[in-house]
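# Structural description and commentary
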Amino acid sequence: MKKKIALITGGYSGEAVISYKSARTIYNHLDKAKYDVYTIDINPNGWYFEHEDGQKTLVNRENFTLTLGAELVQFDAVFVGLHGTPGEDGKLQGYFDMIGLPYTSCNAATSALTFNKRYTVAVAAMGGIQVAKSVHLFKHTPYDVNKILGRLQLPVFVKPNNGGSSIGMSKVSEGTQLAAALDKAFREDDQVLVEEMISGREFTVGVYKAGGAIRVLPITEIIAHNEFFDFEAKYEGKSSEVTPADIDAAWKEALEDAARRIYEVFNCSGVVRIDFIYDNETGPHMLEINTVPGQSEASVIPQQVRAAGMTLTDFYGSLLEECLSRS
Ligand SMILES: Nc1ncnc2c1ncn2[C@@H]1O[C@H](COP(=O)(O)OP(=O)(O)OP(=O)(O)O)[C@@H](O)[C@H]1O
Ligand SMILES: C[C@@H](N)C(=O)O
Ligand SMILES: [Mg+2]
Ligand SMILES: [Mg+2]
């Protein structure tokens, strides 16, 4: 009997546009001989399944079922293809736990923790992982730009503390640019992280669990053509991504060990992608963990899966089987 899968997409943040692209890739590659896949769009206007003719059916939020004519569709599992809130920050994970529906991503606590960049670096540092020095700001707590500049060395990165796809981010090299960068980040989130720049080569590492074992995908080096890996570099071709990265065995081992350790420390599930800067002298520094990493045609995880010699169909199938086996 085919399993019924809800592929959730959309979301309530600026990353919704990327979620739709990720869900398209996931949908195209899920094995339809094994799974009946229903794409469910979760956005501020409603949660619904869209029929081929454009008609929409709202999800019953009591138990995440769909009534399609005489049929009641009850899902066996949820494939999370929704970046940002509420699919990557633990909100929907908590809801699915309440109604007993398994899902492919990290659990509610891990998702909530890792979606907060500042709390992520704090916990990672406790686990022995190197991270950048940073200052955490809250919208309604007054801050002094000069004090921030006194505590951190330029250049700094200014980011919405809960966000992704580099939306609302700036690299600040001159103190006079900081106030505008903070305003920009506060337009996306009510918390902002100001982080010292780590100098070095950038790498990103996909890690997943299959058959109960933690596995690391081939590492990707990110070479941004812009000043950093911003939205344009990510999705509009302004970067080169080299998979597997051209690095020696010692760097590969250091990155793989850090990535595996982070996966364990945060008790992750499913596939996550961990971003690093490798400082020539001091080794890998973790920037952040993405618990719902992009799956668009331009995204890194699909490149890493192919470089590992797997098909996306087998890979997405293994994520689903792993989550079904936990339920
Ligand atoms: N402390 C730092 N030092 C050096 N580069 C940084 C730093 N923080 C961020 N960057 C640059 O900015 C990019 C985006 O930062 P980060 O990964 O934290 O944001 P994001 O919006 O969550 O991205 P994603 O699309 O991966 O979710 C990084 O890929 C890197 O190029
Ligand atoms: C989708 C984006 N936050 C990523 O990590 O790929
Ligand atoms: Mg991110
Ligand atoms: Mg990132």
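Residues numbered from 1 in each chain as written. Chains lettered and ligands numbered in written order. Predicted model: local features only at pLDDT ≥ 70, side-chain atom pairs only at ≥ 80, totals over all residues. Heavy atoms only, no water.

The name given to the chain in an unreviewed UniProt entry is D-alanine--D-alanine ligase, and the organism recorded there is Flaviaesturariibacter aridisoli. Annotation of the chain in UniProt includes, under Pathway (unreviewed entry), the sentence "Cell wall biogenesis; peptidoglycan biosynthesis." Check the Function (unreviewed entry) section of the UniProt entry for the chain; it says "Cell wall formation." (UniProt positions renumbered as here; feature names shortened; annotations may be inferred.)

In this section: the environment of S199. Topologically, S199 is positioned in the loop between β11 (191-196) and β12 (201-210). For the pair S199 and D279, spaced 80 residues apart in sequence, the C-alpha to C-alpha distance is 5.8 Å. If we skip the residues at most four places from it in the chain, S199 touches I277, Y278 and D279. (Helix = DSSP H or I, 4+ residues; strand = E, 2+ residues; numbered from the N terminus. Contact = heavy atoms within 4.5 Å.)

Relative to the helices and strands, Q191 is located in strand β11. The buried category is assigned to Q191, whose relative accessible area is 14%. For Q191, the side chain forms a polar contact with the side chain of N161, separated by 2.8 Å. (Buried < 20%, exposed > 50% of the residue type's maximum accessible area, 1.4 Å probe, protein only. Polar contact = N/O pair within 3.5 Å; in protein donor to acceptor, adjacent residues only side chain to side chain.)

UniProt marks residues 121-321 with the feature "domain: ATP-grasp" (unreviewed entry), using the numbering shown here. Secondary structure content for residues 121-321 is 31% helix and 29% strand, while the C-alpha to C-alpha distance between its ends is 31 Å.

Let's shift gears to the pairing of strand β17 (residues 283-290). Regular strands place side chains that alternate from one sheet face to the opposite one. The buried fraction of β17 is high, at eight of eight residues. Between strand β16 (residues 272-279) and β17, which pair antiparallel one after the other, the connecting turn spans three residues. (Pairing = 2+ DSSP bridges.)

This paragraph deals with the packing of helix α1 (residues 16-29) against helix α10 (residues 312-326). Two numbers describe a pair of packed helices, the interaxial angle and the distance between the axes. Relative to each other, α1 and α10 sit at 100°, their axes nearing to 8 Å. By the angle class used here, α1 and α10 are roughly perpendicular. Here T25, I26 and H29 of α1 come into contact with α10, specifically with L312, T313 and Y316. Counted by class, the contact of α1 with α10 contains three nonpolar, three polar and no charged residues. (Axes fitted to C-alpha atoms, helices over the stretch in contact; angles between N-to-C directions. Parallel < 35°, antiparallel > 145°, perpendicular 65-115°, else oblique. Nonpolar A, V, L, I, M, F, W, Y, C, P; charged D, E, K, R; others polar.)

The local shell around ligand 2 consists of E15, H83, S165, Y235, R273, N290, P293 and G294. One of the side-chain N or O atoms of R273 is found 2.8 Å from an oxygen atom in ligand 2. At 2.8 Å from an oxygen atom of ligand 2 is found a main-chain nitrogen or oxygen belonging to G294. Within the complex, 93% of the 220 Å² of free accessible area of ligand 2 lies under protein. Classifying every residue of the shell around ligand 2 gives two nonpolar, four polar and two charged. (Near = heavy atom within 4 Å. Areas by Shrake-Rupley, 256 points an atom, 1.4 Å probe, with all protein chains shown as cover.)

Turning our attention to the environment of R151. Along the chain, R151 falls in helix α5 (residues 145-151). Along the chain, R151 and S134 lie 17 residues apart, while their C-alpha atoms are 8.6 Å from each other. With residues up to four places along the chain from it excluded, the contact list for R151 reads K133, V135 and E196.

We now examine the side chain of S22. Looking at the element boundaries, S22 is found in helix α1. With near-sequence residues (within four places) excluded, S22 lies in contact with H83, G294, Q295 and S296.

Turning our attention to the nonpolar core. Formed by 26 residues in total, the largest nonpolar core has its most connected members in F203, V207, I262, V272, I274, F276 and M286. Sorting the residues of this core by element identifies α4 (117-126), β12, β13 (213-216), α8 (249-265), β16 and β17 as the ones contributing at least two each. Apart from the residues within four sequence positions on either side, M286 is in contact with T120, V121, A124, I129, Q130, V131, I262, I274, D275 and F276. (Core = buried A, V, L, I, M, F, W, Y, C linked by side-chain atoms within 4.5 Å.)

So, on to the site of ligand 1. Residues in contact with ligand 1 amount to 22 residues; listed here are only the nearest, K117, K159, S166, E202 and K234. Within the side chain of K117, a nitrogen or oxygen atom sits 2.5 Å from an oxygen atom of ligand 1. A distance of 2.9 Å is found between a nitrogen atom of ligand 1 and a backbone nitrogen or oxygen belonging to I198. Here ligand 1 has 620 Å² of accessible area as a free molecule, and 95% of this is covered by the chains. When residues of the shell around ligand 1 are traced back to their parent elements, those giving at least two are β9 (156-160), β11, β16 and β17. The residue inventory of the shell around ligand 1, partitioned by class, reads eight nonpolar, five polar and nine charged.

Moving on: α10. When the terminal C-alpha atoms of α10 are compared, their 21 Å separation across 15 residues agrees well with the 21 Å that a helix rising 1.5 Å per residue should span. For α10, the set of buried residues is L312, F315, Y316, G317, L319, L320, E322, C323 and L324. Where the residues of α10 are buried, they touch β1 (3-10), α1, β2 (35-43), β7 (77-80), β12 and α9 (300-307). (Expected span 1.5 Å × (residues − 1).)

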